[in-house]
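The chain contents come next:
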Amino acid sequence: MPTQPSADGVFTTSRLFPFTPAQVFAAFAHPERLGAWWGPDGFSNTFEVFEFKPQGRWTFVMRGPDGTHYPNDCTFLEASPQRIVIRHVTAPHFTLTITLTEADGQTRLDWRQAFDDPRVATAVASIVVPANEQNLNRLQAVLLATGASSASQAEP
């Protein structure tokens, strides 16, 4: 697990999930599922707008364990079963690309978070690196707890 971004301000990680790509995709496409795992440990979400489609808006407030509210405004640039691209419009500015690839009945999830300013990426590395891993841990827990629901429910 890299502890610093690349020179151009990009964090990458990947994870193999014992679920189909359709099951993992459904955890992104359904707001109630996404809200259950999005963010680092101890955070919760209130979604205000969730338009899971290309050019769709996603506005939400994350609440930290200490009660602090963190407003977020995003745009889904892509929302396909193979690739989800999210543009974080509020500071810090970044583009998150999530790629889902079938791998022997499982799903390889590649997570690429590209900050607009590499200096900002370096400054927030101590927060972003563990938060991204916690995010994927929470995704795994939700998938396990729900039995990942059936692939027939993958469409939003």
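In case you missed it, the structure is sitting above this.
Because the structure is a prediction, the values reported are computed rather than measured. (Residues numbered from 1 in each chain as written. Predicted model: local features only at pLDDT ≥ 70, side-chain atom pairs only at ≥ 80, totals over all residues. Heavy atoms only, no water.)

## Structural notes on the sheet that holds strand S7 (residues 106-115)
Taken together, seven strands build an open sheet; the order of strands is S1-S7-S6-S5-S4-S3-S2 and the sheet is antiparallel. Looking at the sheet topology across the chains shown, the edges are occupied by strand S1 (10-17) and strand S2 (44-50). Looking at each pair of strands side by side, their axes are set apart by 20° on average, direction ignored. Taken together, the ten bridges between strand S6 (residues 94-103) and S7 define a ladder with antiparallel strand orientation. Of the residues in S7, the one forming a bridge with Phe94 is Phe115. Helix H1 (residues 21-29) contacts S1, S2, strand S4 (69-79), strand S5 (83-88), S6 and S7 of the sheet and is inclined by roughly 155° relative to S6. Packed onto the sheet, helix H3 (residues 118-146) meets S1 and S7 and runs at close to 15° relative to S1. (Pairing = 2+ DSSP bridges. Helix = DSSP H or I, 4+ residues; strand = E, 2+ residues; numbered from the N terminus. Axes fitted to C-alpha atoms, helices over the stretch in contact; angles between N-to-C directions. Contact = heavy atoms within 4.5 Å.)

## Overview of the environment of Gln23
As for its placement among the helices and strands, Gln23 is situated in helix H1. Each C-alpha atom of the pair Gln23 and Gln106 lies 9.8 Å from the other, and the pair is 83 residues apart in sequence. A distance of 2.8 Å separates a polar atom in the side chain of Gln23 from the backbone nitrogen of Thr20. (Polar contact = N/O pair within 3.5 Å; in protein donor to acceptor, adjacent residues only side chain to side chain.)

## Some details on the pairing of S2
Direction of pairing for S2 relative to strand S3 (residues 56-63): antiparallel, over a ladder of six bridges. Looking across to S3, one finds that Val49 is bridged to Thr59.

## Some words on the environment of Arg87
Following the sequence through the fold, Arg87 ends up in strand S5. Each C-alpha atom of the pair Arg87 and Ala114 lies 9.7 Å from the other, and the pair is 27 residues apart in sequence. With residues up to four places along the chain from it excluded, the contact list for Arg87 reads Asp73, Cys74, Thr75, Leu77, His93, Phe94, Thr95 and Asp116.

## Quick look at the layout of surface pockets
Here the largest pocket defines a volume of roughly 640 Å³. In terms of lining residues, the largest pocket is bounded by 28 residues, among which Met62, Asn72, His88, Pro92 and Phe94 are the most central. Looking at the lining of the largest pocket, the elements that each hand over two or more residues are S3, S4, S5, S6, S7 and H3. At six residues, the largest contribution of residues to the lining of the largest pocket is made by H3. Looking at side-chain class alone, the lining of the largest pocket contains 20 nonpolar, eight polar and no charged residues. (1 Å grid on protein atoms, 1.4 Å probe; cavity = no way out; pocket = protein on both sides within 12 Å on 5 of 7 lines; lining within 4 Å. Points joined across faces, edges and corners; volume = space filled by probe spheres on them. Nonpolar A, V, L, I, M, F, W, Y, C, P; charged D, E, K, R; others polar.)

## A few points about the pairing of S5
The pairing of S4 with S5 spans five bridges and is antiparallel. What sits directly across from Ala79, in S5, is Ile84. Connecting the antiparallel pair S4 and S5 is a turn made up of three residues. Here S5 pairs with S6 via six bridges, running antiparallel. Looking at the pairing, Arg87 lines up with Thr95 of S6. Between S5 and S6, which follow one another and run antiparallel, lie five residues.

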